[in-house]
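What follows is the residue order along each chain.
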Amino acid sequence: MPEMPEVEGLVEFLGGRITRLRIDKATVSAINALKTFDPPLSALVGSAVIDARRHGKFVDLTTDAGIHLVFHLAKAGWLRWYDTLPATIIKPGKTPIALRVGFDDGSGFDLTEAGTKKSLAVYAVRSPDEVPGIARLGPDPLSEGFDRQAFGALLVGRRTQIKGVLRDQSIIAGIGNAYSDEILHAAKMSPYALAATLADDEVDRLFAAMTTTLTEAVEAARGKPPAELKDAKRRGMRVHGRRGEACPVCGDEVRSVFFADNSLEYCPTCQTGGKLLADRRLSRLLK
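A few points on the structure. Within any chain, residue numbers begin from 1 and follow the written order of that chain's sequence. Local features are withheld for residues below a pLDDT of 70 in this predicted model, meaning they are given only at 70 or higher, and side-chain atom pairs are given and counted only at 80 or more; totals for whole chains, interfaces and linings count all residues. The side-chain figures draw on all heavy atoms in the structure; neither hydrogens nor water molecules are used.

1. Looking at the packing of aromatic side chains
The pairing test for Phe, Tyr and Trp rings, Trp by its six-membered ring, is centres within 6.5 Å, and the orientation test on the planes gives stacked under 30 degrees, edge-to-face over 60, and tilted for anything in between. The tally for this structure, following the rule as stated, stands at seven aromatic pairs. With a centroid separation of 6.5 Å and an interplanar angle of 55 degrees, the aromatic rings of phenylalanine 58 and tyrosine 123 are classed as tilted. Taken together, the residues span a long stretch of sequence, with phenylalanine 58 in strand 3 (residues 58–63) and tyrosine 123 in strand 8 (residues 121–125) at a distance of 65 residues. Taken as a pair, phenylalanine 58 and tyrosine 123 share a single burial class, namely buried. Here the aromatic rings of phenylalanine 71 and phenylalanine 109 are separated by 6.0 Å at their centres, their planes lie at 50 degrees, and the arrangement is tilted. With a gap of 38 residues between them, phenylalanine 71 in strand 4 (residues 68–72) and phenylalanine 109 in strand 7 (residues 108–113) connect regions that are remote in the sequence. Counting from the N terminus, the helices are the DSSP runs of H or I reaching at least four residues and the strands are the DSSP runs of E reaching at least two. Only protein chains enter the calculation, and the probe is 1.4 Å; a residue is then buried if its accessible area is under 20% of its type maximum, exposed if over 50%, and partly exposed in between.

2. Remarks on the sheet that holds strand 6 (residues 97–103)
Between any two strands, pairing holds if DSSP finds at least two bridges. The sheet built from four strands is open, its strands ordered 1-6-7-5 with antiparallel pairing. Edge strands, defined here as strands with exactly one partner in the open sheet, are strand 1 (23–28) and strand 5 (77–82). The sheet shows a mean angle of 15 degrees between the axes of neighbouring strands, direction not considered. Bridge count between strand 6 and strand 7: five bridges; the pairing is antiparallel. In this analysis an axis means a line fitted to C-alpha atoms, helices contributing only their contacting stretch, and an angle means the value between N-to-C directions, from 0 to 180 degrees.

3. Quick word on the pairing of strand 2 (residues 49–55)
Pairing of strand 2 with strand 3 involves six bridges; the strand directions are antiparallel. The residue of strand 3 that forms the bridge with alanine 52 is leucine 61. Between strand 2 and strand 3, which follow one another and run antiparallel, lie two residues, and glycine 56 among them has a positive phi close to 60 degrees.

4. Some thoughts on the sheet that holds strand 4
Across the sheet, four strands lie side by side as 2-3-4-8; this open sheet has antiparallel pairing. Pairing within the sheet leaves two strands with one partner each, and these edge strands are strand 2 and strand 8. Neighbour-to-neighbour, the strand axes of the sheet open up by a mean angle of 15 degrees, direction not taken into account. Whether two residues are in contact is decided by their heavy atoms, any of which lying within 4.5 Å being enough. Sheet strands touched by helix 1 (residues 4–18): strand 2, strand 3 and strand 4. Its angle to strand 2, the strand with the most contacts, is close to 175 degrees.

5. Quick notes on the packing of helix 1 against helix 6 (residues 200–221)
The axes of two packed helices give the description: the angle between them and the distance between them. At a minimum axis distance of 8 Å, the contact between helix 1 and helix 6 shows a crossing angle of 35 degrees. Note on packing geometry: the crossing formed by helix 1 with helix 6 is right-handed. Of helix 6, the residues touching helix 1 (which contributes Met4, Pro5, Glu8 and Gly9) are Leu214, Ala217, Val218 and Ala221. We call Asp, Glu, Lys and Arg charged. Ala, Val, Leu, Ile, Met, Phe, Trp, Tyr, Cys and Pro are nonpolar, and the rest, Gly among them, are polar. Classifying every residue of the contact of helix 1 with helix 6 gives six nonpolar, one polar and one charged. Note on convention: near helix rotated counterclockwise from far helix by under a right angle means a left-handed crossing. Clockwise means right-handed.

6. What about unusual backbone geometry?
Residue proline 39 follows aspartate 38 across a cis peptide bond; omega there is 5 degrees. Residue arginine 20 is not a glycine yet carries a positive backbone phi of 80 degrees. Along the chain, arginine 20 turns up in the loop between helix 1 and strand 1. Given a relative accessible area of 70%, arginine 20 falls into the exposed group.

Below, the structure is given as C-alpha cells:
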C-alpha cells in the first residue's frame, strides 16, 4: 500500500507537472471506484489544476472550478504517468485502469488497481473535508507543531498495541503497515507493546524513530517519477517484507506474524528480547 512518503512523492511530482494545466478528460472505467456524484466528475473538464496536496494517504488536486479531485490508492492501487496519454479506448471490466485523467498538453495519468479486491477510491468534491476518510484523519506526523508532547498525548489511555495505534489514521495520518514495522524496528520496540504502558523514555525513542524514518523515506521519494517510487520504498525497508533475511542491525533472522490479509515483520533480538511473537493465524489453525 502506498503510504505517506510515496504519496508525498506523487503529490510533489504531480504538482510540478500539472499545475496550471487544464483537464481535458476525466473518465472512470471502474464505476465502483467513484464514491461521489455531486458535483459530477465531468465538471472537472475544462478546469485548471491550481494545487496538489496530500492528506494522510489521500491525493488532493484542486482546480480553479472550486472542485477537488481526490483519490486514495488503497492497498493495490497506483498512478501511471504518461507524457503522452494513450489514445486507446478503455473498456470497463477489461482493464486494471480505474480512472484516466488527461490534460491540455497531451499528458495524463491512469489510476490502476491490481487484484480482485477493489478498494481504490475517487472523489469529486467541493471541499476535501467532504471525503469521510479525510474528515477523520489525525495529525500528520511530520507537520509543523506535531512534537513529542503532542505525540505522547495521543498515547495516553490507549490500551491497544502500538502497531495498531501507528496504523490508525484517526490517531496519526499516513502511516501504514510497512512504515509502522520500520518505525518499531528503529525504536527497538515490540509491535505488541501497549501504547498506554510505554514509559517516557520509550515514547521519546518511538517519536524519534517515527520522525527520522518518515523524514528519510520522504527524502528518498522526493524527485522520483511514479514508476520509481515503489522500488525506492522496497530498497529502504529494513524489516518489512524481508522475512527470513538477516536484520541489518544485529544479524538475527527477520520474522513474520501473519494476519487475515497482511503480515508484520520484526527482529526478535532488536525488538522483543529474543522472544518470538505468536502467529495468531497459525494458533487458530492448531486449535
